[in-house]
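The primary structure of each chain is shown beneath.
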Amino acid sequence: MAVYKVSYVIIGNDHPGTILNQNHMPQQGEQVQLGADMFEVIEVLELMPPRGEFHYIHVTCQPWQKD
Amino acid sequence: MELRQVLQGVDLFEGLKEDELEEVAKICYEKRYFPGDTIAKEGDNSDELFIITDGFVEVLLGERPKSSARVVVSLGSGQIIGEMALLDQGPRSASVRATSDPTIVQMIQRQDFEKLCLQNTNIGYKVMRNLAADLSFKLRHRNLIDR
């Protein structure tokens, strides 16, 4: 079972960023909830090569704006 | 879910076999926290490593009397806290507060951790390598915030 260790960095507000392990690969355009707020994924990068079942991912997000 | 299965999803234990994960599980103690609870305090001397298995914590720097601390990162499931003090035996480099209800962590005492690493050097090598990789990941995260 793959585990994605994800570094979330938020642009456009003062959110400090989040690191967590999750069971799915983040995708550009998807919405994520970090704490009480919703964000939109705008960039996904592999931060380090995978080891075993673990993938090391960086995601840049911006505050999600409801249309 | 058995603790061994929970530990399988934590990258600190990447590469450990099932029987090795059982050995690690034997030295873990579960603790529960609630929003606002302090798990570690900047400057304190302490001997524990914490593994977040459910919920979120915030890591704060600069918590002093008459000065407000700033949150530098939020950590969720699978992340570790207290690894710097565990490695260098220095005081806590930051404060850590629970933000979710509940926040569940597995606590490992330094003495138990070091004993296990010395008794089983395969576990010791892999966990120390993974600890270094975790510190590297956190540094890369920090660099990306500053770019």
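Anyway, here's the lowdown on the structure attached to this text. (Residues numbered from 1 in each chain as written. Chains lettered and ligands numbered in written order. Predicted model: local features only at pLDDT ≥ 70, side-chain atom pairs only at ≥ 80, totals over all residues.)

## Section: unusual backbone geometry
All names here are of chain B.
Move 1: Residue Asp101 is joined to Pro102 through a cis peptide bond whose omega torsion reads -5 degrees.
Move 2: Locating Pro102 in the fold gives a position in the loop between β7 (95-98) and β8 (103-109).
Move 3: For Gln89, which is not glycine, the phi torsion reads 60 degrees and is therefore positive.
Move 4: Judged by the 10 C-beta atoms lying within 10 Å of it, Gln89 is exposed. (Helix = DSSP H or I, 4+ residues; strand = E, 2+ residues; numbered from the N terminus. Buried ≥ 20, exposed ≤ 12 C-beta atoms within 10 Å, placed from the backbone.)

## Observations regarding the interface of chain A and chain B
The figure often quoted for interface size is the accessible area lost as the parts come together.
Move 1: Each side of the interface is counted separately: chain A has 19 residues, and chain B has 20 residues.
Move 2: Put simply, the parts of the chain that give the side of chain A that touches chain B at least two residues each are β1 (3-10), β2 (18-22), β4 (37-51) and β5 (54-63) of chain A.
Move 3: Split into classes, the residues belonging to the side of chain A that touches chain B amount to ten nonpolar, seven polar and two charged.
Move 4: Relative to strand β5 (residues 70-75) of chain B, β2(A) runs parallel, the two sharing two bridges. By the bridge assignment for β5(B), A:Thr18 is matched with B:Ser74. (Contact = placed C-beta atoms within 7 Å. Nonpolar A, V, L, I, M, F, W, Y, C, P; charged D, E, K, R; others polar. Pairing = 2+ DSSP bridges.)

## Examining the sheet that holds β8(B)
All names here are of chain B.
Move 1: The sheet built from four strands is open, its strands ordered β1-β8-β3-β6 with antiparallel pairing. On the outer flanks of this sheet lie β1 (29-33) and β6 (80-81), each paired with one strand and no other.
Move 2: Of the strands in this sheet, β3 (48-54) and β8 touch helix α4 (residues 110-119), which is tilted by about 60 degrees from β8. (Axes fitted to C-alpha atoms, helices over the stretch in contact; angles between N-to-C directions.)

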